Amino acid sequence: RNWEVRLGIVADSRAASVDDWLRKQEQAIGTLATNASLQVYLTQLVIETAENGNSIAEVPEAGYLINLLNNQAIISGFWEPEEPQIRANVARPGRAGIGLTDATGKLLISSGNMPPMNPTIRAAMAKAGDGEPSLVDLYEGINGDPTMGFVWPIFAVQDEGSPKDIIGYVIGLRTVETSLFPLLFQPGDTLQTAENYLVRKDGNLVQYLSPLADGTLPLTRKLSAQGDLAAAFVIENPGSFELASSYLGSKVLVTGRALTAAPWFLVRTVSEKEALAETDQRLSTMLGIFI
């Protein structure tokens, strides 16, 4: 029970930290979606391009929107420095950025380094079509960088906020290697075998979202959700405590928490050997005395 409490305190702390970070990223994109000036200018941009046949460059509002997206991307972290060009005539796709689309999902303008659209982003846009913001769940971006983001619907000014009032979407994408994953480390943790990591359920599999202690890269390991796997236990029983098997097959004490801002689970483990070392030593001493 002592170890259940100790592991639970850390699990609560790291889960709260990750949830707080996710909410801040979502709100950074939501601030744009609810910006009245953006709503007005995007409406005009759609009219000029779709109805009047003008190019983006011919619409004065486009310049204001691009500057707005660039500023917000830099301030909120939805921005990455441009990588060096291999050849002057070869453009590299970006790794993070913010973009605006029309109601059909056609990308109109974006900040300087907007990543390319893909099925994961399109699925999030389809979900946002119901009128609520949606998560672009973690995926392998450019160069394998773990990337995620949010999609917010943009409504016409003074409309009621129903799906029929959507005039476009704002999409924010960013890498998480140096921003999200460091939050999994507990300050002051002195345990040698303790580990915190993020997982999600993928059908009948458990996918490990964050780097693992054995050097496994994010998003690269999937294991069966069956059996006594520690991560699978947390997915099925968030908040509970158990002796289970780690992703390497060793015995660990495990507990975890379900996140509220993403369909992920935080897993906290420590090896049975390290956790019960003092207890085993005491029992061995007592056995020796009895003998």
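Residues numbered from 1 in each chain as written. Predicted model: local features only at pLDDT ≥ 70, side-chain atom pairs only at ≥ 80, totals over all residues. Heavy atoms only, no water.

(A) Examining the pairing of strand 6 (residues 195-202) more closely. Taking burial as the measure, the 8 residues of strand 6 include 6 buried ones, the bulk of the element. Two strands pair when backbone bridges link them, and strand 6 and strand 11 (residues 265-271) are joined in this way by 5 bridges, in the antiparallel orientation. Residue pairing for strand 11: Leu 198 is matched across the bridge by Leu 266. Taken together, the 4 bridges between strand 6 and strand 7 (residues 205-208) define a ladder with antiparallel strand orientation. The residue of strand 7 that forms the bridge with Val 199 is Tyr 208. The antiparallel hairpin formed by strand 6 and strand 7 contains 2 residues in its connecting segment, where Gly 203 sits at a positive phi of about 65 degrees. (Buried < 20%, exposed > 50% of the residue type's maximum accessible area, 1.4 Å probe, protein only. Helix = DSSP H or I, 4+ residues; strand = E, 2+ residues; numbered from the N terminus. Pairing = 2+ DSSP bridges.)

(B) Quick look at the packing of aromatic side chains. Tallying each qualifying case throughout the model produces 4 aromatic pairs. A ring pair is formed by Tyr 197 and Tyr 247, whose centres lie 5.8 Å apart and whose planes are at 75 degrees; its orientation type is edge-to-face. With Tyr 197 in strand 6 and Tyr 247 in the loop between strand 9 (241-245) and strand 10 (251-258), this pair connects stretches of sequence that are 50 residues apart. Judged on exposure class, the residue Tyr 197 and its partner Tyr 247 are both buried. Ring geometry for Tyr 208 and Tyr 247: centres 5.7 Å apart, planes at 75 degrees, overall edge-to-face. On the criterion of sequence distance, the pair formed by Tyr 208 in strand 7 and Tyr 247 in the loop between strand 9 and strand 10 is long-range, its members being 39 residues apart. Taken together through their ring pairs, the aromatic side chains of Tyr 197, Tyr 208 and Tyr 247 make up a single cluster. (Phe/Tyr/Trp six-rings, centres within 6.5 Å; stacked < 30°, edge-to-face > 60°.)

(C) Here's a closer look at a nonpolar patch on the surface. Judged by side-chain polarity, Val 40, Tyr 41, Tyr 64 and Val 157 come together as a nonpolar surface patch covering roughly 310 Å² of accessible area. One can find Val 40 in helix 2 (residues 36-51). Of the residues examined, Val 40 reaches a relative accessible area of 42% and is grouped as partly exposed. (Patch = residues over 30% accessible without salt bridge, like charges linked within 9 Å, V, L, I, M, F, W, Y side chains within 5 Å. Areas by Shrake-Rupley, 256 points an atom, 1.4 Å probe, with all protein chains shown as cover. Salt bridge = Lys/Arg side-chain N within 4 Å of Asp/Glu carboxyl O.)

(D) Representation of the environment of Trp 152. Relative to the elements of secondary structure, Trp 152 occurs in strand 4 (residues 146-155). Considered as a pair, Trp 152 and Pro 211 are 59 residues apart in the sequence and their alpha carbons are 29 Å apart. Excluding residues that lie within four positions of it along the chain, Trp 152 makes contacts with Glu 26, Ile 29, Gly 30, Ala 33, Pro 133, Gly 168, Tyr 169 and Val 170. From its side chain, Trp 152 meets the backbone oxygen of Glu 26 in a polar contact 3.1 Å long. (Contact = heavy atoms within 4.5 Å. Polar contact = N/O pair within 3.5 Å; in protein donor to acceptor, adjacent residues only side chain to side chain.)

(E) Structural context of the environment of Leu 243. Note that Leu 243 resides in strand 9. Remark: the alpha-carbon pair of Leu 243 and Glu 272, spanning 29 residues in sequence, is separated by 7.7 Å. Residues contacting Leu 243, with those up to four places away along its chain left out, are Lys 251, Val 252, Leu 253 and Glu 272.

(F) Inspection of the sheet that holds strand 3 (residues 134-140) at higher detail. The strand order across the open sheet formed by 5 strands is 2-1-5-4-3, and the pairing between neighbours is antiparallel. Edge positions in the open sheet fall to strand 2 (107-110) and strand 3, since each of these has one partner strand only. Adjacent strand axes in the sheet meet at a mean angle of 25 degrees when their direction is disregarded. As paired elements, strand 4 and strand 5 (residues 166-175) share 9 bridges and run antiparallel to each other. Residue pairing in the sheet places Phe 150 in a bridge with Gly 172 of strand 5. Of the strands in this sheet, strand 1 (97-102), strand 2, strand 4 and strand 5 are in contact with helix 2, which crosses strand 5 at around 110 degrees. Here helix 4 (residues 119-128) sits on the sheet in contact with strand 1, strand 3, strand 4 and strand 5, set at roughly 170 degrees to strand 3. (Axes fitted to C-alpha atoms, helices over the stretch in contact; angles between N-to-C directions.)

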